[in-house]
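The residues making up each chain are set out below.
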Amino acid sequence: MKNIDAKGHVTGKSIYVDDIPTINGTLYGVIFDSPLAHGHIESVDYSKALTLPGVITILTHEDIPGENQIGGIIPDEELFASKDVHFAGQPIALIIAESNQIGFEARKLIDINILEKEVIVDPREAQKKDQLILPPRTFELGDTENSWEKCAHIFEGQADSNGQEHLYIETQGAYAIPLENGHIRISSSTQGPTAVQRITARVLNMGMNKIEVDVVRLGGGFGGKEDQATPWAVMAALGVQILNKPVKVILSRMDDMRLTGKRHPYSSDYKIGFSKDLKIMAYETTFFQNAGAAADLSPAVMERTLFHATNSYFIPNVKATAYSCKTNLPPNTAFRGFGGPQGMFVIESALAHAAQELGVSAYQLQKNNLLKNGNEFPYGQIADGVELTKIWSEMESKFDIEAVEKEINYFNSSNTDIKKGFSLMPVTFGISFTKTPMNQARALVHIYTDGSVGVSTGAVEMGQGVNTKMLQITAQVFSLDPKRVRLESTNTTRVANTSPSAASSTADLNGKALHQACSALLERLKNCAADHFGAQSKDIEIKSETIYCQGERTDIRWNDLVLMAFLKRICLTENGHYATPRINFNMEKEKGHPFAYHVYGLALTEITVDCIRGTSQFDSVKIVHDFGKTMNPSVDFGQIEGGLVQGIGWMTMEEISYNDKGQLLSNSLSTYKVPDIYSVPKDVIIEPLKTEGNDMAILKSKAVGEPPLMYGIGAYFAIENAVRAFNPNFNSTFDAPFTHEKILMGLYEISESERVDS
Ligand code: MTE
Ligand code: HPA
Ligand code: MOS
């Protein structure tokens, strides 16, 4: 089945929040935010702004009837700054005006006086000053301390990765309208409708049952709308509560870039030790996560960094420590991979470092240390269903890694101004929210008397194709023409207490709940048919909308049966509930079985570097990926391609830049470069691994949303490889992104002795 949204997207008919027809009298909210990254608010003068024609009011912390608190995991973030500001871009007030333009004009007329305080932007500096979001955490396996003396080779270093702007095409926004009795309906571009509902209820001091949150779809989320879609929705709802008028808040692109958090930059230390036969004996790493000025999702992101610190390798002795460091940047947040990519970048850097010093190819070290069934992860889960060895052999047989290496070496020896490089990037990614209670979902299914079906789940469509998958599940269970099924918007009144659509788990969790609801309805209908034919329900089958009894085709069609059931007063509505079995995690011991299963894969990246200009071009990325049994190859392949390119962007060109005053310099699309069609690898080949799939995955089709992003990490090491082919003096810095500027500097970097000579 094609993605059901494809046609609407390319014809421009798909509806996003800002496309919802506005009700007469709708007002527009523009956020007034802090110009400075840290300080005490001495005074704010709104008087000039308030006199501008078309300005209705300006809301501040003083207008909040409930709690001025939007923190999800830790209550440490105000909706509107009351006394102090902690990052540039922190909301202080909401200007409500008759148009956005008037709101923007009014914003220029606000005078603010802030007593500046010391600004910290560096996570290591924050850690030294004990500015932490929460106490550090350590995952440990074996005994690293007593392992070092047994190691034949030990390497130490530092690896840093920068943040990443989500750049969803639809910016953050919400539209809230008043209903009777003071109730409010919010249309929000959020991955977490329940988060919006919960925090709105808290800030507005009303019951969650009086707030309805509706989501049709998102023009991309990528984690940026898991928690950070909430404040704008709350602000719009606050405007409704105070003015009893509809209020829309849609961020402009530059406001969105300045006000919201991004992927967490990390600075990390590593120490890795090998035996004589190049088995990794011990690995120690310390992560300094740049959390920004409030917790947001940082504790959970930090936890996933620890979970993925050893990526696809078995290491018997591991000690991984993580600090979530409080800085004066906008609170950083979920971003595809959720801390996993940052952890993996460090171990891959450690391996690349070791390979250089040992004079071997990094892929030999990688292959030599792959995780196998029965191995223990540092967090206690025992690996099973590991596909890495099979994936590696598949890559070798399809694409002959050694031949690629030889060809590249030959190319490099016969070319002076262009050099090629390659890398392998294995990925092992755990599927489940790491917080066990979040792994639950519900679905509500109605069969109407004409035989058509309406489906609501907690899943939010953000481009990942989850609605298509939900439609497929329904059509498959009922053996129904998909045209008969309607996917409803995601709505807190129909499906309550939802987890955000995140952790790549949306299709699994909601799909399993939906499957259960549909199966229950099917059983009910079969019973009804069995009654009619004087048979048993096991004798009844429904195939392509026709009812079969004991293998014989009957003249009863799906619609007839549905109507029959209705007339017999059989309930044609069902609610499904799913909670992932088996998973658990004990935070005191830092051990457990947090993941339903893992997704595995391997990417082979080939690159050409122009050694005159410092530019790079990806020749190809070849991927062997474990989809399980993919239920929709076109959707799933799309996820691989999108994830890969987003990962390549993070590793090679997307360069978030704050100055030391905490102000965002890369604050628009002219100063922040994301991959375009020209930066995409010329060839992306995806080979699905032949495998049985996993029963914990919906229809054995494994989660696919986040894992492919980490294939992009291979880009960094492929470039590094090519740069070294040109300049043997190049010193790896393991400092992503590897931008064209850094490539150029690396190509012409001179050795210490040359530097002294000159
Ligand atoms: N794909 C598109 N097109 N747009 C998105 O916003 N988000 C990613 C991934 N793929 C995203 C996407 C992220 S961060 C996650 S967690 C998953 O999709 C969420 O959807 P899933 O759970 O259905 O995989
Ligand atoms: N992944 C994504 N989002 C989350 C998670 C997770 O593991 N935990 C809480 N939110
Ligand atoms: Mo995805 S970062 O879990 O929204």
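Details of the structure are given in the entry above.
Residues numbered from 1 in each chain as written. Chains lettered and ligands numbered in written order. Predicted model: local features only at pLDDT ≥ 70, side-chain atom pairs only at ≥ 80, totals over all residues. Heavy atoms only, no water.

Student: What is the right way to look at the site of ligand 2 in this model?
Tutor: Around ligand 2, the neighbouring residues are Glu226, Arg304, Phe338, Phe433, Thr434, Met438, Ala502 and Ala503. At 3.1 Å, a side-chain N or O of Arg304 approaches an oxygen atom of ligand 2. Between ligand 2 and Thr434 there is a distance of 3.2 Å, counted from an oxygen atom to a backbone nitrogen or oxygen. In isolation ligand 2 offers 260 Å² of accessible surface; the protein chains occlude 97% of this area. (Near = heavy atom within 4 Å. Polar contact = N/O pair within 3.5 Å; in protein donor to acceptor, adjacent residues only side chain to side chain. Areas by Shrake-Rupley, 256 points an atom, 1.4 Å probe, with all protein chains shown as cover.)

Student: Got a minute to help me understand the sheet that holds strand β18 (residues 453-457) in this structure?
Tutor: Whether parallel or antiparallel, the strands of a sheet pair through hydrogen bonds between backbone atoms. As summarised here, the arrangement of the four strands in space is β19-β18-β17-β24, forming an open sheet in which the pairing is mixed. Edge positions in the sheet fall to β19 (485-487) and β24 (573-579), since each has one partner strand and no second. With direction set aside, neighbouring strand axes in the sheet form an average angle of 20°. Pairing of strand β17 (residues 440-447) with β18, which is carried by five bridges, proceeds in the antiparallel orientation. The residue of β18 that forms the bridge with His446 is Gly454. Lying over the sheet, helix α13 (residues 466-478) contacts β17, β18 and β19, oriented at roughly 150° with respect to β19. (Pairing = 2+ DSSP bridges. Helix = DSSP H or I, 4+ residues; strand = E, 2+ residues; numbered from the N terminus. Axes fitted to C-alpha atoms, helices over the stretch in contact; angles between N-to-C directions. Contact = heavy atoms within 4.5 Å.)

Student: Is there a simple way to think about the side chain of Glu303 in this case?
Tutor: Mapped onto the elements of the fold, Glu303 is located in helix α8 (residues 298-307). Those residues in contact with Glu303, other than ones at most four positions away along the chain, are Arg137, Phe139, Thr434, Phe585 and Met587.

Student: I keep staring at the site of ligand 1 and nothing clicks. Help me out?
Tutor: The environment of ligand 1 is formed by 17 residues, the closest being Gly221, Phe222, Met462, Thr506 and Gln639. At 2.9 Å from an oxygen atom of ligand 1 is found a main-chain nitrogen or oxygen belonging to Phe222. At 2.8 Å, a backbone N or O of Met462 approaches a nitrogen atom of ligand 1. If ligand 1 stood free it would expose 520 Å²; the protein chains cover 92% of that surface.

Student: Can you help me understand the nonpolar core in this one?
Tutor: Side chains of nonpolar character tend, in soluble globular proteins, to be buried together. Counting residues in hydrophobic clusters, the biggest one holds 106 residues, and the most contacted among them are Phe274, Leu424 and Ile713. If one sorts the elements of this core by residue count, helix α9 (residues 340-358) sits on top with nine residues. Setting aside residues no more than four positions away along its own chain, Ile713 makes contact with Pro341, Met344, Phe345, Met425, Trp650 and Met651. Formed by 45 residues, the second largest nonpolar core is a distinct cluster that contains Ala517, Ala530, Trp558 and Tyr578. (Core = buried A, V, L, I, M, F, W, Y, C linked by side-chain atoms within 4.5 Å. Buried < 20%, exposed > 50% of the residue type's maximum accessible area, 1.4 Å probe, protein only.)

Student: What's the story with the sheet that holds strand β21 (residues 540-543) in this structure? I'm lost.
Tutor: Spatial strand order, β21-β22-β23: three strands in an open sheet with antiparallel pairing. Both outer strands of the open sheet, β21 and β23 (552-557), are each paired with one neighbouring strand and no more. The average undirected angle you get between the axes of adjacent strands in this sheet is 35°. Bridge count between strand β22 (residues 546-549) and β23: three bridges; the pairing is antiparallel. Residue pairing in the sheet places Tyr548 in a bridge with Arg553 of β23. Lying over the sheet, helix α15 (residues 558-567) contacts β21, β22 and β23, oriented at roughly 60° with respect to β23.

Student: Sorry, what's going on with the packing of aromatic side chains here?
Tutor: The geometry of an aromatic ring pair comes down to the distance between the two centres and the angle between the two planes. Inspection of every chain in the model, using the stated rule, returns 21 aromatic pairs. Clustering of aromatic rings is evident, with ring pairs tying together Phe139, Phe307, Phe377, Tyr379, Phe585 and Phe595. One Lys or Arg, Lys248, reaches over the ring of Tyr175 and ends 5.7 Å from the middle of that ring. Directly above the ring of Phe335 sits Arg263, whose terminal nitrogen or CZ lies 4.4 Å from the centroid. (Phe/Tyr/Trp six-rings, centres within 6.5 Å; stacked < 30°, edge-to-face > 60°. Lys NZ or Arg CZ within 6 Å of the ring centre and 35° of its normal.)

Student: Sorry, what's going on with the side chain of Thr434 here?
Tutor: Locating Thr434 in the fold gives a position in the loop between β16 (418-431) and β17. Those residues within four positions of Thr434 in sequence are excluded, and the remaining contacts are Glu303, Arg304, Phe307 and Phe595.

Student: Is there a simple way to explain the pairing of strand β15 (residues 317-326) in this structure?
Tutor: Consecutive residues of a regular strand have side chains that alternate between opposite faces of the sheet. Where burial is concerned, most of β15 is hidden: eight out of the 10 residues are buried. With five bridges joining them, strand β7 (residues 137-141) and β15 adopt antiparallel strand pairing. Looking at the pairing, Glu140 lines up with Lys319 of β15. Pairing of strand β14 (residues 280-292) with β15 involves 10 bridges; the strand directions are parallel. Bridge pairing in β15 links Gln289 to Ser324. In this fold, the crossover linking β14 to β15 by way of α8 has right-handed handedness. (Right-handed = clockwise from strand over helix to strand, strands pointing away.)

Student: How should the pattern of salt bridges be read in this particular structure?
Tutor: Any two side chains of opposite charge can pair, given that their charged atoms come close. Tallied over the full model, the rule gives 38 salt bridges. Across the pair Arg137 and Glu303 runs a salt bridge, and its minimum N-O distance is 3.0 Å. Here Arg137 is found in strand β7, whereas its partner Glu303 is found in helix α8, with 166 residues between them in sequence. For the pair shown, Arg137 and Glu303 are each scored as buried. Across the salt bridge formed by Asp626 and Lys702, the nearest N and O atoms sit 2.6 Å from each other. Pair noted here: Asp626 is in the loop between β28 (615-625) and α16 (633-652) and Lys702 is in the loop between β29 (683-688) and α17 (713-726), with a separation of 76 residues, a long-range link. Each of Asp33, Arg107, Asp255 and Arg258 takes part in salt bridges that share partners, so that together they form one network. (Salt bridge = Lys/Arg side-chain N within 4 Å of Asp/Glu carboxyl O.)

Everything listed here is a matter of geometry and, on its own, says nothing about what the molecule does.
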